[in-house]
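Structural description and commentary
As a plain string of letters, each chain reads:
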Amino acid sequence: MQKIIPHLWFDKEAKEAATFYTTVFPESKITHTSLIHNTPSGDCDIVSFELWNKAFMAISAGPLFKFNPSVSFIVNFDPLLFKTSADKEKAALEALDSAWDKLSRGGKVLMPIDTYPFSKRYGWLQDKYGASWQLMLTDPAGEPRPAIIPSLLFTVSKCGKAEEALRFYQSVFKNAQPGSVHHYPAGMEPDKEGSLMFGDVKLEDTWFAAMDSAREHGYDFNEAISFMVTCKEQVEIDYYWEKLSAVPESEQCGWLKDKYGLSWQITSAEMETMMQQGTQEEIDRITQAFMPMKKIDIAQIKAAVGRK
C-alpha cells in the first residue's frame, strides 16, 4: 500500500472527476468505491483510483472547501516512460498535448503551454473541477522522478518558508530522501533572492515539490487537498499526530493541519482495509465510531465491528 496518498475533496463530483482523470492519464483506473452514511455532510461517496500508477482518493462531502493552485500536481511526461514507442519524445509530447486538451476544457489556464527555460513544453492549468495540474515534458537526462508529483506553493505569510518546510517534512518522515534545491537569483522581484524557486524531497514513497512565490495570489493551503498517511499501528498514528498537528481546532476524524497550514490525514491501514472490504453495515459502524474522534483510535474502530 502506498504510504502517502493525495486526497481530493469535492462537493458532489468525486466519482465523476475520478472517472474523468482516468481517461486523461495512462495506466489509470478506479480501484474501489464506497458510500459512508450519516456524516455532517450527509451521505458521501469515497473513491480510490490510480493515475499513472499513483494512488489517489477522493470524497464527495459538500461545498466546504474549494481547490486552488497552492497544491497542484506536476505531471512529468518523461520520454523514458514511453518504452514501447519508436520515437519516445514524440509519444511524450502527444500524450502531454492530449492531456492538456482534456484538462483545459472548461478550466482555466494559469501558465500557457509553451517553451520555458526549464522545459521545452510546459503549461499550468486548473481543470473544470478546480484542481491544478502542471504538465511538463521532462528531460530524460535529468534525475529520474515519478510521473506525478504533488507540488506545494508557499504564498502569503508562508512565502519564504518552502525550503524550511521541506527540511521539516524530511525530519518527520523516517524514510526520506533530499532532492534538488534551486534558489531565486537577484532581479526576480517580487521574489526575494535566496528564497526557494524549486525544490523537492522524497517522503516515504512520494516525491513532493515546493516553491515560494511572493506574488499576490489570494489563496493558501486548505482542506480541499490533503495527504493521507496510512499507519500500521497506533504508535505510528501517535507519532505522526504529535509531529505534524499544529492547529488544535482543525483536528477532526484523523485530519490535522501542520504549522504551514497543509492538511494531513493520519489514518489506519487496517481501518482503510475494513472500509474497503467490509459490508455496508460494518462501514456504517466504523464511520459512526471515527466521526467523533480527533486522532484515530484503532482499538475503538476494531471494537465497533467486533474485531480484536
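What comes next concerns the included structure. (Residues numbered from 1 in each chain as written. Predicted model: local features only at pLDDT ≥ 70, side-chain atom pairs only at ≥ 80, totals over all residues. Heavy atoms only, no water.)

Moving on: the overall build of the chain. Across its full length, the chain carries seven helices and 15 strands. For the C-alpha atoms alone, the extent of the chain along its principal axes is close to 60 × 40 × 35 Å. The 308 residues of the chain split such that 55% are buried. Counted over contacts in the chain with a minimum sequence separation of 6, partners at least 24 positions apart contribute 64%. When the accessible surface of the chain is totalled, it reaches about 14300 Å², and 51% of it is carbon and sulfur. Here the chain holds 33 positive side-chain charges and 42 negative ones, and the gap between their average locations is 2 Å. (Helix = DSSP H or I, 4+ residues; strand = E, 2+ residues; numbered from the N terminus. Buried < 20%, exposed > 50% of the residue type's maximum accessible area, 1.4 Å probe, protein only. Contact = heavy atoms within 4.5 Å. Areas by Shrake-Rupley, 256 points an atom, 1.4 Å probe, with all protein chains shown as cover. Lys, Arg positive; Asp, Glu negative; His and termini not counted. Charge placed at Lys NZ, Arg CZ, Asp CG, Glu CD.)

This brings us to the nonpolar core. Counting 92 residues, the largest nonpolar core has Tyr21, Trp133 and Trp264 as the members making the most contacts within it. Looking at this core, the element that brings in the most residues is helix 2 (residues 88-104), giving seven residues. Once you skip the residues sitting within four places of it in the chain, tryptophan 133 turns out to touch Tyr21, Phe25, Leu51, Ser72, Phe73, Val75, Leu103, Gly123, Trp124, Leu125 and Asp127. Of all hydrophobic cores here, the second largest spans eight residues; its members include Tyr116, Tyr122, Trp124 and Met211. (Core = buried A, V, L, I, M, F, W, Y, C linked by side-chain atoms within 4.5 Å.)

So, on to the packing of helix 5 (residues 269-277) against helix 6 (residues 280-290). Interhelical geometry of helix 5 versus helix 6 gives an angle of 145° and a closest axis separation of 9 Å. For the pair formed by helix 5 and helix 6, the contact residues are Met271, Met274 and Met275 on the first element and Ile283, Ile286, Thr287 and Phe290 on the second. (Axes fitted to C-alpha atoms, helices over the stretch in contact; angles between N-to-C directions.)

The next subject is helix 1 (residues 14-24). Taken together, the buried positions of helix 1 are occupied by Ala14, Ala17, Ala18, Phe20, Tyr21, Thr22 and Val24. Buried residues belonging to helix 1 abut strand 1 (4-10), strand 2 (29-39), strand 3 (42-51), strand 4 (54-60), helix 2 and strand 8 (132-137).

Under the definition given, this model contains 29 aromatic pairs. Plain terms: the ring middles of phenylalanine 25 and tryptophan 133 are 5.1 Å apart, the flat faces sit at 40° to each other, and that makes the pair tilted. One end of the pair, phenylalanine 25, is in the loop between helix 1 and strand 2; the other, tryptophan 133, is in strand 8, with 108 residues separating them in the sequence. For the residue pair phenylalanine 25 and tryptophan 133, the accessibility class agrees, reading buried in each case. With centroids separated by 5.6 Å and ring planes inclined at 65°, the aromatic side chains of tyrosine 169 and tryptophan 264 adopt a geometry described as edge-to-face. One end of the pair, tyrosine 169, is in helix 3 (residues 162-172); the other, tryptophan 264, is in strand 15 (residues 263-268), and 95 residues separate them in sequence. Overall, the relative accessible area of 0% leaves tryptophan 264 in the buried class. One aromatic cluster is present, built from ring pairs that chain together Phe154, Phe168, Tyr169, Phe173, Phe208, Phe221, Phe227, Tyr239, Tyr240, Tyr260 and Trp264. One cation-aromatic arrangement involves arginine 145 over tryptophan 207; the distance from NZ or CZ to the ring centre is 3.8 Å. Above the ring of tyrosine 239, the side-chain terminus of lysine 174 is found at 4.5 Å from the ring centroid. (Phe/Tyr/Trp six-rings, centres within 6.5 Å; stacked < 30°, edge-to-face > 60°. Lys NZ or Arg CZ within 6 Å of the ring centre and 35° of its normal.)

The next subject is unusual backbone geometry. In the segment running from glutamate 189 into proline 190, the intervening peptide bond is cis, with an omega of 10°. Along the chain, proline 190 turns up in the loop between strand 10 (176-183) and strand 11 (196-203). Phi is positive for valine 156, close to 50°, though the residue is something other than glycine. Within the secondary structure, valine 156 is located in the loop between strand 9 (148-154) and helix 3. When its relative accessible area of 56% is taken as the criterion, valine 156 is described as exposed. Positioned with a positive phi, cysteine 253 is a non-glycine residue whose angle comes to about 55°. Mapping cysteine 253 onto the fold places it in the loop between helix 4 (234-244) and strand 14 (255-257). With relative accessibility at 15%, the residue cysteine 253 sits in the buried group.

Spatially, 6-7-8-5-9-12-11-10 is the arrangement adopted by the eight strands of the open sheet, whose pairing is mixed. Because the sheet does not close on itself, it has two edges, and the strands there are strand 6 (108-116) and strand 10. The sheet shows a mean angle of 20° between the axes of neighbouring strands, taken without regard to direction. Judged from the four bridges that link them, strand 9 and strand 12 (residues 206-212) form a sheet pairing that is parallel. Residue leucine 152 lies in a different strand from strand 12, and its bridge partner there is alanine 210. (Pairing = 2+ DSSP bridges.)

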